[in-house]
Amino acid sequence: MRDVGQMKQVIEAHETAYNEKPDIVVSAPSHMHLIGEHSWFFKDKTLSMAVNVPVYVALSFRPDGALHFYFAQQKDRKHTALSTLKFRKEDRWSNALKAIVYGFTSGGFEMRGMNMTVWSDKPPSLGFGITTAMKVGAAFAIRAAMSLSCSDAQLLQVIERGNKLFLKSGNFLAANYAALYAKKQHVMLTDYATGAYEAIPFDFPNKKILLTDARVQRVTVWNEDVLHQPENVLLLGELKERKQNVWGGWAYEDRPTEVNEVLGVVGEITRHRLQCVMREHKYVLDAALALTRHEFGAFARAVNASHKNMRDDYDLSCPEVDWILKRLSMINPNLDDTRNPHSCGRVTGKGFGRCAYTILDEDDIPAFREKLAEYERIFGFHPRCHEIEPADGVRVVS
C-alpha cells in the first residue's frame, strides 16, 4: 500500500510540473554496502544490499530537444537541451540525470527531448546510493520508454560513460549491480576483478536491519586518493594467491613474513591501510560464506570485525557511531557463546563516520532505541533510525 501511495504522488508531481501524465514511471532501490566498499580500487570484492528506500523516476517526451528536470521533494527545477548538454556545478542533482542522457548519446543512441521527475524521500546528500538510484532509474526509464535495442551490458556502459566522461567520477560496479540486479531478501556480492556478481540469500527471518544516521558533521580525516595509487595496486597484487575453495578463486596471503616483506617498501601508515584492505577482503569472503550456510553468528563476527578494522586501521568511523555500536553489543549478549553474537553493526554510508547499520533480533529493537535516546542526551545530536530490508532491483511500476 505504501508503494501505491508513493507512485500516486510521483504521477501527481509530474502532472503538476508538466501538465501531463508520465509515459513511464520507474522505481530504483537505494543501497548500502555491508563490507568492502573501500577496496574497489584494488579489484577486490564488495558485499552490498539494495534496500526498500526507493527513488522514482517519471518520464514523458517533448516535441523539441529540451530536457527539463524536476525534483519533487526539493521543488527544484533544472533545464538544458540535448544540443547544450554540459556539466554545471550549480545544477547539483540534475547533473546525474544529464550524465545518463550523455551516456546514451555518446554511445550512438539517438535521444529525444524529455521531461523527467525525481521523487525521493531522502536527499542525494545523505548517500546510500540515492544518486546511483537516480541514474539507474533514468537509464532504465529511457531504454524502456524509447524501446531501445540496448542490452544490460550496454546499459552498464551508458552509466559508466556518464560517470567517467561526464561527471568525471568513479564508476562503482557494486552500486550499479545493487540497483539493477538485486533480489528481495538477498545481498549482492560483486567481484571487481572479473565484473561478476552473485545474489546471496539473506535468510534470517527473526533479524531486523536498522539504518541509523548519527547526525554528526562529516569530517574527512584523510583523503583516500592518497592510497589509490598504481604502485599500491601492484603491491597488493603480489599478495594475491589463487585458491579454488573461495568465491572468485583467490585470497590474500596471510603469512606475516610474506606480507611484511612485500609491504616493507611503503610507509607505516600506508602499510596499515593496505593491510586493512587485505583484511576487508577476508571479511567479505567470511560474511558471504556464512550467508550461504545460514550461520548468523559467523556473519555477525565478520561484520563486527570489519567495523573494528575500519575504525582502528582505516580511520573511517567516528566516536559517536562507535558509541552506538558499543551499546548495541551490550544488548542481549550471547554469554553462552561469545563467538556467535546475536547482533552486529558497522559504519557505512557517504563520507567518514556518521551512519551505521545494525542487524539485531526484533525483540531487541526497543532496547536499541532506548540507547539512541541516551545517545541524544549525551551528544546532543538527534539520530534518525529507519527499519529497512533487502529489496528488488530497478523495475517499471507504471
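Worth saying up front: this structure is predicted, and the values here are computed from it rather than measured.

Criteria and cut-off values
Residues numbered from 1 in each chain as written. Predicted model: local features only at pLDDT ≥ 70, side-chain atom pairs only at ≥ 80, totals over all residues. Heavy atoms only, no water. Pairing = 2+ DSSP bridges. Helix = DSSP H or I, 4+ residues; strand = E, 2+ residues; numbered from the N terminus. Axes fitted to C-alpha atoms, helices over the stretch in contact; angles between N-to-C directions. Contact = heavy atoms within 4.5 Å. Salt bridge = Lys/Arg side-chain N within 4 Å of Asp/Glu carboxyl O. Buried < 20%, exposed > 50% of the residue type's maximum accessible area, 1.4 Å probe, protein only. Core = buried A, V, L, I, M, F, W, Y, C linked by side-chain atoms within 4.5 Å. Phe/Tyr/Trp six-rings, centres within 6.5 Å; stacked < 30°, edge-to-face > 60°. Parallel < 35°, antiparallel > 145°, perpendicular 65-115°, else oblique. Left-handed = near helix turned anticlockwise from the far one by under 90°. Nonpolar A, V, L, I, M, F, W, Y, C, P; charged D, E, K, R; others polar. Disulfide = S-S within 2.5 Å.

K.L.:
How should I be thinking about the sheet that holds strand E8 (residues 207-213) in this particular structure?
P.N.:
Strand pairing in a sheet takes place through backbone hydrogen bonds and is either antiparallel or parallel in direction. Overall, antiparallel pairing links the four strands, which are arranged E11-E12-E8-E13 in an open sheet. Sheet topology places strand E11 (344-348) and strand E13 (384-388) at the edges, where each strand pairs with a single neighbour. Across this sheet, the average inter-strand angle for adjacent strands is 20°, counted without regard to direction. Sitting on the sheet, helix H9 (residues 296-312) is in contact with E8, E11 and strand E12 (355-361), with an inclination near 35° to E11.

K.L.:
How should the pattern of salt bridges be read in this particular structure?
P.N.:
Pairing between side chains of opposite charge can happen when the charged atoms of each approach one another. Evaluation of the coordinates by the stated rule reveals 18 salt bridges. Between Arg354 and Asp213 there is a salt bridge, with the nearest N and O atoms lying 2.8 Å from each other. With Arg354 in the loop between E11 and E12 and Asp213 in strand E8, this residue pair connects regions lying 141 residues apart in the sequence. The pair Arg354 / Asp213 is uniform in exposure class, with both members buried. Note that Lys282 and Asp286 form a salt bridge whose closest N and O atoms lie 2.6 Å from each other. Taken as a pair, Lys282 and Asp286 lie in helix H8 (residues 268-292) at a separation of four residues, close to a single helical turn. The class for Asp286 is partly exposed, based on a relative accessible area of 29%. Look at the salt bridges and you will find they share partners, linking Glu37, Glu280 and Arg346 into a network.

K.L.:
Please explain the nonpolar core as it appears in this structure.
P.N.:
Proteins that are soluble and globular tend to have nonpolar side chains buried together. Ranked by size, the top nonpolar core spans 52 residues in total, and within it Phe104, Met111, Met116 and Ile142 carry the most contacts. Of all elements in the fold, only strand E1 (24-35), strand E2 (45-61), strand E3 (66-71), helix H2 (94-105), strand E5 (114-120), helix H3 (130-145), helix H4 (152-166) and helix H5 (173-181) reach the threshold of two or more residues within this core. The leading source of residues in this core is H3, at nine residues. Core analysis: the next-biggest nonpolar cluster, separate from the first, contains 37 residues, Val262, Cys318, Leu328 and Ala356 among them.

K.L.:
I would appreciate a short explanation of the packing of aromatic side chains in the present structure.
P.N.:
The way to describe two aromatic rings as a pair is by their centre distance and the angle between their planes. One pass over the structure, following the stated rule, counts 21 aromatic pairs. On the basis of an interplanar angle of 75° and a centroid distance of 5.8 Å, the ring pair of Tyr56 and Trp119 is categorised as edge-to-face. Note that Tyr56 is positioned in strand E2 and Trp119 in strand E5, a separation of 63 residues in sequence. Each member of the pair, Tyr56 together with Trp119, is buried. Between Tyr375 and Phe379, the aromatic rings sit 5.0 Å apart at their centres with planes inclined by 35°, giving tilted as the arrangement. Linking Tyr375 with Phe379, this pair stays in helix H11 (residues 365-379), spanning four residues, or about one helical turn.

K.L.:
Honestly, the packing of H3 against H5 in this entry has me stumped. Any pointers?
P.N.:
Where H3 meets H5, the axes come as close as 10 Å, and the angle between the chain directions of the two elements is 55°. Classified by the angle their axes make, H3 and H5 are oblique. The handedness of the crossing between H3 and H5 is right-handed. Between H3 and H5, the residues in contact are Thr132, Val136 and Phe140 and Ala175, Asn176, Ala179 and Leu180, respectively. A class-by-class count of the residues in the contact of H3 with H5 yields five nonpolar, two polar and no charged.

K.L.:
Help me understand the state of the cysteines in this model?
P.N.:
Linking two cysteines covalently via their sulfur atoms produces the bond known as a disulfide. Here the structure, examined in full by the defined rule, presents zero disulfides. Lacking any disulfide linkage, Cys385 is separated from the closest cysteine sulfur, that of Cys355, by 11 Å. Residue classification places Cys385 among the buried positions, given a relative accessible area of 16%.

Note that all results are geometric; they support no functional claim without further evidence.
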